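# Summary of the model geometry
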Amino acid sequence: MQAMATEAFIGNMRGPVIRRTDADYDAVRSLYNGMIDKSPEMIARCADVADVVAAVNFARQNDLKVAIRGGGHNGPGLGSVDDGLMIDMSMMKGVRVNPTARTVRASPGCTQGDVDHATHVYGLAVPAGIVSTTGIAGLTLGGGTGYLTRKHGLTSDNLLEADVVLADGRIVTANKSENADLYWGLRGGGGNFGIVTSFLFQAHPVNMVYAGPIFWDLKDARTVMQTYRVPAWRPRGARGLCRVEDRSAGRPVPG
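Residues numbered from 1 in each chain as written. Predicted model: local features only at pLDDT ≥ 70, side-chain atom pairs only at ≥ 80, totals over all residues. Heavy atoms only, no water.

On a plain count of helices and strands, the protein chain comes out with eight helices and eleven strands. Judged by the C-alpha coordinates and their principal axes, the protein chain covers about 70 × 50 × 30 Å. In the protein chain, once contacts between residues fewer than 6 apart in sequence are set aside, the share between residues at least 24 apart is 58%. By element, 53% of the accessible surface of the protein chain is carried by carbon and sulfur atoms, the whole surface being about 14700 Å². When the 27 positive and 24 negative side-chain charges of the protein chain are each reduced to one mean point, those points stand 10 Å apart. (Helix = DSSP H or I, 4+ residues; strand = E, 2+ residues; numbered from the N terminus. Contact = heavy atoms within 4.5 Å. Areas by Shrake-Rupley, 256 points an atom, 1.4 Å probe, with all protein chains shown as cover. Lys, Arg positive; Asp, Glu negative; His and termini not counted. Charge placed at Lys NZ, Arg CZ, Asp CG, Glu CD.)

As a further point, take the pattern of salt bridges. Two side chains bearing opposite charge may form a pair once their charged atoms approach each other closely. With the rule as written, the count across this model stands at eleven salt bridges. The partner of Asp83 in a salt bridge is Arg20, with the nearest N and O atoms 2.6 Å apart. Here Asp83, found in the loop between strand 3 (66–69) and strand 4 (85–88), pairs with Arg20, found in the loop between strand 1 (17–19) and helix 2 (25–29); they are 63 residues apart in sequence, far enough to count as distant. Its relative accessible area of 47% is what places Asp83 among the partly exposed residues. Its relative accessible area of 38% is what places Arg20 among the partly exposed residues. Note that Asp220 is salt-bridged to Lys219, the shortest N-O span being 3.5 Å. Exposure remark for Lys219: the relative accessible area of 67% places this residue in the exposed category. (Salt bridge = Lys/Arg side-chain N within 4 Å of Asp/Glu carboxyl O. Buried < 20%, exposed > 50% of the residue type's maximum accessible area, 1.4 Å probe, protein only.)

With that settled, the discussion passes to the layout of surface pockets. Approximately 1100 Å³ is the volume found for the second largest pocket. Ile68, Leu78, Leu141, Asn192 and Gly194 are the residues nearest the centre of the second largest pocket, which is lined by 40 residues in total. Grouping the amino acids of the lining of the second largest pocket by side-chain chemistry returns 21 nonpolar, 17 polar and two charged. (1 Å grid on protein atoms, 1.4 Å probe; cavity = no way out; pocket = protein on both sides within 12 Å on 5 of 7 lines; lining within 4 Å. Points joined across faces, edges and corners; volume = space filled by probe spheres on them. Nonpolar A, V, L, I, M, F, W, Y, C, P; charged D, E, K, R; others polar.)

Where nonpolar side chains cluster on the molecular surface, the patch consists of Ile130, Val131 and Tyr147 and spans about 260 Å² of accessible area. By the element assignment, Tyr147 lies in the loop between helix 5 (136–141) and helix 6 (149–152). A relative accessible area of 38% means that Tyr147 is categorised as partly exposed. (Patch = residues over 30% accessible without salt bridge, like charges linked within 9 Å, V, L, I, M, F, W, Y side chains within 5 Å.)

For Asn179, which is not glycine, the phi dihedral falls at a positive 50 degrees. Tracing the backbone through its elements, the reader meets Asn179 in the loop between strand 9 (171–174) and helix 7 (180–189). At Asn192, a position not held by glycine, the phi torsion is positive, near 60 degrees. On the secondary structure map, Asn192 appears in the loop between helix 7 and strand 10 (195–202). In this structure Asn192 comes out as exposed when scored by relative accessible area, which is 85%.

Here the focus is the nonpolar core. Among the nonpolar cores identified, the biggest contains 25 residues, and Val104, Val115, Val164, Leu182, Leu186 and Phe201 are the most heavily contacted of them. Those elements that place two or more of their residues in this core are strand 6 (103–106), helix 4 (112–120), helix 5, strand 8 (159–165), strand 9, helix 7 and strand 10. Discounting residues that sit within four places of it in the chain, Val115 has contacts with Val95, Val104, Ala106, Cys110, Val126 and Ile136. Core analysis: the second largest hydrophobic core is formed by 20 residues, Cys46, Ile87, Met89 and Ile195 among them. (Core = buried A, V, L, I, M, F, W, Y, C linked by side-chain atoms within 4.5 Å.)

With that out of the way, let us pick up the pairing of strand 4. Across the two faces of strand 4 the burial is the same, with Leu85 and Ile87 and Met86 and Asp88 all buried. Pairing between strand 2 (residues 42–45) and strand 4: four bridges, direction parallel. Looking at the pairing, Ala44 lines up with Ile87 of strand 4. Sheet topology places strand 3 next to strand 4; four bridges connect them, and they run parallel. Counterpart to Ala67 in the pairing with strand 4 is Met86. (Pairing = 2+ DSSP bridges.)

An order of 1-2-4-3 is seen for the four strands of this open sheet, with the pairing classed as mixed. The two strands at the open ends of the sheet, each matched to only one other strand, are strand 1 and strand 3. Each neighbouring strand pair of the sheet contributes to a mean axis angle of 20 degrees, computed without reference to strand direction. Packing against the sheet, helix 1 (residues 3–12) makes contact with strand 1 and strand 2, and its axis sits at approximately 140 degrees to strand 1. The sheet contacts of helix 3 (residues 49–61) involve strand 2, strand 3 and strand 4, and relative to strand 4 the element is tilted by about 165 degrees. (Axes fitted to C-alpha atoms, helices over the stretch in contact; angles between N-to-C directions.)

Scope: geometric values only; no functional claims are made or implied.
Written out as structure tokens, the structure reads:
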């Protein structure tokens, strides 16, 4: 990698580019899963789509391995890469709600909590996961299942449109009528098609979701599980999980 090309890349970036010699390198490269330790050559902290394009072009021209970080919640650590370029979009946050059309446009660094916060005031919600810190980008491109799935589908089912930076640096829009094959791919057809820099979602009227655990004695497990299998008692769209656990000896109850 030529020093002049690197300096030119850094100069073209609106956001900072972190290198191994920088004081904040370890803090920025740290992952949600602390058991995974990766050391990228550089971390491009993108401020906008132009930064993403610049990072993609630089990586391609210099034959660098690339990893993409959205909200930064990936468990297996796929948002980073050893000795390559991490394209970090976690600073690209922004949510715009159209209450009339019931649509939501979100930037790739948003978390589920960011989207929920913006939509709740309108009495709307995008079907998402179950943890507020989950990145909306990885959640959507991985399918996305949560409390509203039974009634409104997966998060990917509610993706209406996406802006994508391709490997050659081009920016395209994918929806039902424009780049429909790419749109199909983003909604469950595979992976590594490009970097999504904007998501347009269908939102649904949701006021308040009530949820929480209910416990029975182990001696009642058969009755409870048999009843749980009968759909008639559950309200339409209700989602549940039935499990049997040993809570003796004061073991803590998971959230």
